[in-house]
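# A structural walkthrough
Below are the chains, spelled out letter by letter.
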Amino acid sequence: MKISRNVKYGILLGISLVAWGLINHLVRVNSIMALLSSILFFGIYGVVIISYLKSEKIEKLTDSFVSLLVVGLIGIGILSAGYFVNATIISPTYQAEELQSTQKKWGELGYTEAQVQEQVELTDVFQNPMSWMVELFKFNFMVFLTMLTLLSGLWFILNEFGVAPKISRQRE
């Protein structure tokens, strides 16, 4: 496991996700752009994981899994920090706009005042940039772990049964 490579890919993941987050903020919900944005979100994870696996000489899947966890933690940490900076410095009205948009959507769905109030209580964590950052980190870590498990499992199956050619790249 090469720490510098892990940090490099972690930073790449983090910067890519921060860019995605800023673009996603500009996109409205329930549109084609929102769908494409969601596909891009998962694509970023997949591209970074596959790129990392291709750049390493994979001898033991567990070593690569641990290395990719480090990459994911660095990237997701940068994403969370990027969100916090965006919500507190760059666009201080970000949270208020998001919550207002969500409450408008609840109205369009025909929620009663009591139901809206109940939803506001459930989304209380999103009233504070720091707690939202922590929730964002937890959510993205779960997404990354799912993608990592899926792609590692796919890699194992393809290589174990000889379907895919063995990766023979040497570490730099």
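The coordinates are above.
Presented here is a report on the structure given in the accompanying data block.

Conventions adopted
Residues numbered from 1 in each chain as written. Predicted model: local features only at pLDDT ≥ 70, side-chain atom pairs only at ≥ 80, totals over all residues. Heavy atoms only, no water. Helix = DSSP H or I, 4+ residues; strand = E, 2+ residues; numbered from the N terminus. Buried < 20%, exposed > 50% of the residue type's maximum accessible area, 1.4 Å probe, protein only. Contact = heavy atoms within 4.5 Å. Patch = residues over 30% accessible without salt bridge, like charges linked within 9 Å, V, L, I, M, F, W, Y side chains within 5 Å. Areas by Shrake-Rupley, 256 points an atom, 1.4 Å probe, with all protein chains shown as cover. Salt bridge = Lys/Arg side-chain N within 4 Å of Asp/Glu carboxyl O. Phe/Tyr/Trp six-rings, centres within 6.5 Å; stacked < 30°, edge-to-face > 60°.

The helix and strand tally for the protein stands at 6 helices and 0 strands. Starting at the N terminus, the α and β elements of the protein follow one another as α-α-α-α-α-α. Counting all 172 residues of the protein, 33% fall into the buried class. Taking contacts inside the protein between residues at least 6 apart in sequence as the whole, the part at least 24 apart equals 78%.

Our focus in this paragraph is the environment of Phe-141. Tracing the sequence through the fold places Phe-141 in helix 6 (residues 129–160). Not counting the four nearest positions on each side in its chain, Phe-141 is found in contact with Leu-69, Leu-73 and Ile-76.

On the surface, a cluster of nonpolar side chains totalling about 340 Å² of accessible area is made up of Ile-3, Val-7, Ile-11 and Ile-15. Along the chain, Ile-3 falls in helix 1 (residues 3–26). Look at Ile-3 and you get exposed, because its relative accessible area is 52%.

Here we come to the packing of aromatic side chains. One pass over the structure, following the stated rule, counts 2 aromatic pairs. Seen from their ring centres, Trp-106 and Tyr-111 are 6.4 Å apart, and the 5° between their planes marks the pair as stacked. Accessibility expressed as a relative area gives 9% for Trp-106, which makes it buried. Since its relative accessible area comes to 32%, Tyr-111 is described here as partly exposed. Here the aromatic rings of Phe-137 and Phe-141 are separated by 6.5 Å at their centres, their planes lie at 5°, and the arrangement is stacked. Highlighted residues: Phe-137 and Phe-141, both in helix 6, separated by 4 residues, approximately one helical turn. Residue Phe-141 is classed as partly exposed on the basis of its relative accessible area, which comes to 22%.

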